[in-house]
Amino acid sequence: MGAETISAGWRGGLARFFILYGTLYGAYGVLSPILPGFLAARGLSVEEIGLLLAAAGGLRLVVGPLAGSWADRRQAARTILAASLAMAGLAVLAHLPGAGFAQLIGPGLLYAAGTAAPAPLADALALAAARGGAAFQYGWVRGAGSAAFIAATVAAGWLIAAAGLAAALWASGILFLAASAASLALPAGRTASVAAEPPWRGFADLVALPRFRRTVLAAALVIGAHAMHDGFAMILWRSAGISAGTAGLLWSVSVAAEIFVFLLVGPPLLARIGLPAGIAVAACAGALRWAVLGATVWVPVLAAVEALHGLSFALLHLACLGLIEETTPPERRATALALYGTLGLGLSGVLATLASGWLYGAFGAKAFWAMAALSLAALPLVPGLRTR
């Protein structure tokens, strides 16, 4: 990072985005690993937890695009972001006095609604403020968010050990509220106004863009292929005799690689090879990663391929956001990112997770070969992502 670039970034609101992404992803990091355990401790059965989480996921798929569309039509990305984060924080705190499904379903759905839009709205504002890298690199703030997520996850373990599960919810709720306050200090990122129209008009206009469709589909394939790793890698490694500590270190390698690519490697690499080639690299890196996981549990090899997460996820995300910025009009940017987040990342992850459970149960480690094939299925889309 040159001194002039950093100076321009600070003038463009870089410090304020660091605070936003740190508090936002810190709030996720504290809560995400322990929420199912908290629900179980408050009397919910496994079936009730599954029902609540499924209902929350379905609600996010609806609320996210609608919030993005509203932000575009009303020029209100900061306001909706702040309101969503405040809702999420209050919903987390509302879990604390609850016990049983009837008392926790309300806070759970309110939390789902509050967390449906913040990531795409924050990304839309960050991309606008970054001005294509003239002010700062989007990867810097997203990498800071990933680092905050991991730091918060580690801190949550210490917090729970000292003060119990409820302490983690207090911490998460406060961080969400802090992120809400931080969002109000962001640059406005105003774009051309959008005429009053029903939300589906904006969705239809975006879906009609071939490069946008291909970008979302490529993301769905490559990110969806991560589902088996997220759900079953730890189970595979522990069943192979790998200790919990070593398995945790393997997982940390992937996160460290993600942060490294977001902060340092990703932007210059994409500037050199181009955004479509970045998606091709991510797809091939993912395929290699899943193929190796399906073939061996030798720890040195696992550590090497876990580092490919920096390419299979972080580089893919940077390339997709760059393509969305290229292919969609600024006045539809929040809607486009919301569709990318819900369809490209959210829905594909849910569907692939459902398939992964059946595949892993039937084939064990060899099921990872199906994820390798899923990742490679994105390659035929790459030629259509190039500028004609």
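Read on for an overview of the structure. Treat the numbers as computed from the prediction; the structure is a model and nothing was measured. As a convention, each chain's residues are numbered from 1 in the sequence order in which they are written. Whole-chain, interface and lining totals are the exception, using all residues; otherwise, since this is a predicted model, local features are given only for residues with pLDDT of at least 70 and side-chain atom pairs are given and counted only at 80 or more. The basis for every side-chain value is the complete set of heavy atoms in the structure, and neither hydrogens nor water enter the calculation.

## With respect to the environment of Pro330
Inference 1: Strands here mean DSSP runs of E at least two residues long; helices mean DSSP runs of H or I at least four residues long; both are numbered from the N terminus. If you trace the backbone, Pro330 turns up in the loop between helix H16 (309–327) and helix H17 (333–363).
Inference 2: Exposure is judged per residue with a 1.4 Å probe applied to protein chains only, and the accessible area is read against the type maximum: over 50% gives exposed, under 20% gives buried, and values in between give partly exposed. Owing to a relative accessible area of 42%, Pro330 belongs among the partly exposed residues under this scheme.
Inference 3: Taking the C-alpha atoms as reference, Pro330 lies 45 Å from Ala99; in sequence the two are 231 residues apart.

## Digging into the packing of aromatic side chains
Inference 1: Any Phe, Tyr or Trp ring, taking Trp's six-membered ring, that has another such ring centre within 6.5 Å forms a pair; planes under 30 degrees apart are called stacked, those over 60 apart edge-to-face, and the others tilted. Counted by the stated rule, this structure contains eight aromatic pairs.
Inference 2: Arranged with centres 5.8 Å apart and planes meeting at 65°, the rings of Tyr25 and Tyr28 form a pair that is edge-to-face. In this pair, Tyr25 and Tyr28 both sit in helix H2 (residues 14–31), three residues apart, roughly one turn of the helix.
Inference 3: Relative to Phe176, the ring of Tyr111 has its centre 6.0 Å away and its plane inclined at 70°; by these criteria the two rings are edge-to-face. Separated by 65 residues along the polypeptide, Tyr111 in helix H6 (residues 101–114) and Phe176 in helix H9 (residues 165–183) bring together distant segments of the chain.
Inference 4: Taking the relative accessible area as the measure of exposure, Tyr111 reaches 7% and is therefore buried.
Inference 5: Residue Phe176 is classed as buried on the basis of its relative accessible area, which comes to 0%.

## Observations concerning a nonpolar patch on the surface
Inference 1: Together, Leu343, Leu347, Val350, Leu351 and Leu354 make up a nonpolar patch on the protein surface, roughly 450 Å² of accessible area in all.
Inference 2: With respect to the helices and strands, the residue Leu351 is situated in helix H17. The residues that make up patches have over 30% relative accessible area and no salt bridge, and they are joined within 9 Å when like-charged or within 5 Å when they are Val, Leu, Ile, Met, Phe, Trp or Tyr. Only the protein chains shown count as cover for residues, with accessible areas throughout obtained via the Shrake-Rupley method and a probe of 1.4 Å. Salt bridge, as used here: a side-chain nitrogen of Lys or Arg that lies within 4 Å of a carboxyl oxygen of Asp or Glu.

## A short note on H17
Residue pairs three or four apart in sequence face the same way in an α-helix, which turns once every 3.6 residues.
Inference 1: One fewer than the residue count of a helix, multiplied by 1.5 Å, yields its expected span. For H17, built from 31 residues, the straight-helix expectation of 45 Å at 1.5 Å per residue is met to within 8% by its first-to-last C-alpha distance of 42 Å.
Inference 2: Bend is the name given here to the angle between axes fitted to two runs of seven residues, the run ending at a residue and the run starting at it. The largest bend in H17 is about 30°, located at Ser348.

## Points about the pattern of salt bridges
Inference 1: If you walk through the whole model with that rule in mind, you get three salt bridges.
Inference 2: Between Glu326 and Arg211 there is a salt bridge, with its nearest N and O atoms 3.0 Å apart. Taken together, the residues span a long stretch of sequence, with Glu326 in helix H16 and Arg211 in helix H11 (residues 210–224) at a distance of 115 residues.
Inference 3: The partly exposed category is assigned to Glu326, whose relative accessible area is 48%.
Inference 4: Under the relative-accessibility criterion, Arg211 is labelled buried at 19%.

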